[in-house]
Amino acid sequence: MVKRSKLAGKNRVGKDIPASPRPPVPASAAAPLVAVIMGSASDWETMRHTDQTLTDFGVPHECRVMSAHRTPTLSAEFASSAEARGLEVVIAAAGGAAHLAGVMAAHTLLPVLGVPMKSDALNGLDSLLATVQMPGGIPVGTLAIGKAGAVNAALLAVAILANSRPQLRARLRDFRAEQEKKVRAARLD
Ligand code: RP5
């Protein structure tokens, strides 16, 4: 069972993000290897694609809401303890002045992948620049804005984990082969 961390506060684990009072649904039965963090429950519509992709690959993970500015202490504590809890990759999504991934990266040596949310004001350009433009020294691997970035963050996390997990690597190879097959078979009416 994925245990609900004491740090989680009111946040939920797994596919339960926007829903309320029922108990958290773990994203997987095993201890999580990937944390999927987002700045607001409003990011879940996009980040559910990260959750789904990790689930498709059978990667144990947890999904939580926390914010660099609304819950700064929680965010710092979560990132600081992530490695000790057995996590290997942190995926952080945020929109607007999107500093969540940078804050995560500041508090952990684990690889942090940032997903810029498509914002109302600037279509995600604000989120992209805030996430990608980390000063040298503390890296955030930044993906594309929105759904593509959400899916690719999961695939990149899979690739990182697959370096030391041959079965996962085989699944990733199969996934690529399947994609290629579909494109090769594509017919235009
Ligand atoms: C960011 O502000 C969140 O990541 C979200 O993308 C954005 C808007 O949040 P809400 O006002 O919808 O909660 O912190």
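Residues numbered from 1 in each chain as written. Predicted model: local features only at pLDDT ≥ 70, side-chain atom pairs only at ≥ 80, totals over all residues.

1. As for the sheet that holds strand β1 (residues 34-38)
- Here five strands make up an open sheet; going across it, the order is β2-β1-β3-β4-β5 and the pairing parallel. Of all the strands in the sheet, just β2 (61-65) and β5 (141-142) have a single pairing partner and so form its edges.
- Examined bridge by bridge, strand β4 (residues 112-116) and β5 share two bridges and lie parallel to one another. In the strand pairing of β5, L113 is matched with G141.
- Contacting β1, β2 and β3 (89-94), helix α1 (residues 44-56) runs over the sheet at an angle of about 175° to β1.
- Together, β1, β3, β4 and β5 form the strand contacts of helix α5 (residues 147-162), whose direction differs from that of β4 by roughly 170°. (Pairing = 2+ DSSP bridges. Helix = DSSP H or I, 4+ residues; strand = E, 2+ residues; numbered from the N terminus. Contact = placed C-beta atoms within 7 Å. Axes fitted to C-alpha atoms, helices over the stretch in contact; angles between N-to-C directions.)

2. What about the site of the ligand?
- Close contacts around the ligand come from M38, G39, S40, S42, D43, S67, A94, G95, G96 and M117, and that covers them all.
- Grouping the constituent residues of the shell around the ligand by class yields three nonpolar, six polar and one charged. (Near = placed C-beta within 6 Å. Nonpolar A, V, L, I, M, F, W, Y, C, P; charged D, E, K, R; others polar.)

3. Some thoughts on the confidence of the model for the protein
- Per-residue confidence for the protein averages 89 on the pLDDT scale, and 85% of its residues sit at or above 70.
- Across residues 1-26, where pLDDT falls below 50, the model places 48 contacts with residues more than four positions away in sequence or in other chains. (pLDDT = per-residue confidence, 0-100.)

4. Some details on the pairing of β3
- Within β3, six of the six residues are buried, which leaves it mostly tucked inside the rest of the structure.
- Burial along β3 is two-sided: V89, I91 and A93 facing one way and V90, A92 and A94 facing the other are all buried.
- Pairing of β1 with β3, which is carried by five bridges, proceeds in the parallel orientation. What sits directly across from M38, in β3, is A93.
- Pairing of β3 with β4 involves five bridges; the strand directions are parallel. Each bridged residue has a counterpart across the sheet, and for A92 the counterpart in β4 is G114.
- As a crossover connection, the stretch from β3 through helix α3 (residues 100-106) into β4 is right-handed. (Buried ≥ 20, exposed ≤ 12 C-beta atoms within 10 Å, placed from the backbone. Right-handed = clockwise from strand over helix to strand, strands pointing away.)

5. Thoughts on the nonpolar core
- Counting 43 residues, the largest nonpolar core has V34, I37, V90, I91, A92, M104 and A157 as its most contacted members.
- At the level of secondary structure, the elements contributing two or more residues to this core comprise β1, α1, β2, α2 (72-82), β3, α3, β4 and α5.
- Sequence-distant contacts of I91, that is, excluding residues within four places in its chain, are made with V34, A35, V36, I37, T50, L113, V115, A153 and A157. (Core = buried A, V, L, I, M, F, W, Y, C linked by C-beta atoms within 7 Å.)

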